[in-house]
Amino acid sequence: EPVKAIPILTPVRERNSTSIPLLSLLADAQFRSGDYPQARATLDSLVSLDPDNAVAHYTLARVYAQLGEERAATGDLDATLRLDPSHWRARSEKIDRLLSRGELAEAQRHIDILSEQLGERADVLMLQGRLQQLSGKPEAALALYQNSFEQTPNNISLMRQGSALVDLQRNEEAFALFH
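Here we summarise the structure given alongside this text. Quick caveat, the model's predicted, so the values are computed rather than measured. (Residues numbered from 1 in each chain as written. Predicted model: local features only at pLDDT ≥ 70, side-chain atom pairs only at ≥ 80, totals over all residues. Heavy atoms only, no water.)

Focus on the pattern of salt bridges
Then, in step 1: Going through the model one piece at a time under the given rule, you end up with 10 salt bridges.
Then, in step 2: Across the pair Arg130 and Asp96 runs a salt bridge, and its minimum N-O distance is 2.2 Å. Pair noted here: Arg130 is in helix H8 (residues 122-134) and Asp96 is in helix H6 (residues 88-101), with a separation of 34 residues, a long-range link.
Then, in step 3: Among the residues examined, Arg130 registers a relative accessible area of 12% and is labelled buried. (Salt bridge = Lys/Arg side-chain N within 4 Å of Asp/Glu carboxyl O. Helix = DSSP H or I, 4+ residues; strand = E, 2+ residues; numbered from the N terminus. Buried < 20%, exposed > 50% of the residue type's maximum accessible area, 1.4 Å probe, protein only.)

Focus on the packing of helix H5 (residues 70-83) against H6
Two numbers describe a pair of packed helices, the interaxial angle and the distance between the axes.
Then, in step 1: Direction vectors running N to C along H5 and H6 enclose 140°, while the axes themselves pass 9 Å from each other. Of the possible angle classes, the one that applies to H5 and H6 is oblique. H5 and H6 meet at a crossing whose hand is left-handed. For the pair H5 and H6, contact is made by Glu70, Ala73, Thr74, Leu77, Asp78, Thr80 and Leu81 and by Ala90, Arg91, Glu93, Lys94, Arg97 and Arg101, respectively.
Then, in step 2: Of the residues that constitute the contact of H5 with H6, the class distribution is 4 nonpolar, 2 polar and 7 charged. (Axes fitted to C-alpha atoms, helices over the stretch in contact; angles between N-to-C directions. Parallel < 35°, antiparallel > 145°, perpendicular 65-115°, else oblique. Left-handed = near helix turned anticlockwise from the far one by under 90°. Contact = heavy atoms within 4.5 Å. Nonpolar A, V, L, I, M, F, W, Y, C, P; charged D, E, K, R; others polar.)

Thoughts on the side chain of Thr42
Then, in step 1: Position of Thr42 relative to the elements: it lies in helix H3 (residues 36-49).
Then, in step 2: In this structure, Thr42 is in contact with Arg13, Leu23, Leu26, Ala27 and Gln30, ignoring residues within four places of it in sequence.

Some words on unusual backbone geometry
Then, in step 1: Not every positive phi belongs to a glycine, and Gln169 is a case in point at roughly 60°.
Then, in step 2: Within the secondary structure, Gln169 is located in the loop between helix H10 (155-167) and helix H11 (171-177).

What to know about the nonpolar core
Then, in step 1: Counting 13 residues, the largest nonpolar core has Phe31, Leu43, Leu46, Ala56, Leu60 and Val63 as the members making the most contacts within it.
Then, in step 2: No other element matches the 5 residues that H3 contributes to this core.
Then, in step 3: Counting residues in each nonpolar core, the second largest holds 9 residues, with Leu98, Leu99, Ile111 and Val124 among its members. (Core = buried A, V, L, I, M, F, W, Y, C linked by side-chain atoms within 4.5 Å.)

Focus on the side chain of Lys94
Then, in step 1: Structurally, Lys94 can be placed in helix H6.
Then, in step 2: Judged by relative accessible area, Lys94 falls into the buried class, the value being 9%.
Then, in step 3: Here Asp78 takes part through its side chain, which lies 2.6 Å from a polar atom of the side chain of Lys94.
Then, in step 4: Apart from the residues within four sequence positions on either side, Lys94 is in contact with Thr74, Leu77, Asp78, Leu81 and His110. (Polar contact = N/O pair within 3.5 Å; in protein donor to acceptor, adjacent residues only side chain to side chain.)

Interpretation in functional terms is not warranted from these geometric data alone.
See the structure below:
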């Protein structure tokens, strides 16, 4: 449990403030317990000691996102992908941000990379579906959402399917998904 680890790790950190494994454990515990300001401070120390640590940059991006600092979060996602282009979680979050900002061409580029890395996984299909829906292609989006749901049934896939059906003015089908 992260909350229980923090009181144990914090005094050890005071005696050994340059231990990368210790800082990594402490930052993870702070993040998981929701202490984002402390996690940020610990991760800042970790990144200054180990600037090529992709996991630290990724966790820092997540902390910044929790703190509402989107520009900083994007910067650390970019750093993560520069250091580890195969970091699929960072790439997925990058795509999500790009789609939210309407940067569809750049999102497509990252989706192509993610598809190459992971194949036709449910989460990749969901991102492809969002791109299609935002591009004004709800029929293609619906097919992708349905394929995603077939792989991994979940409420988000259902909601996205419903949204695509509404875009297609198939409201009765959308309503039927939830009843």
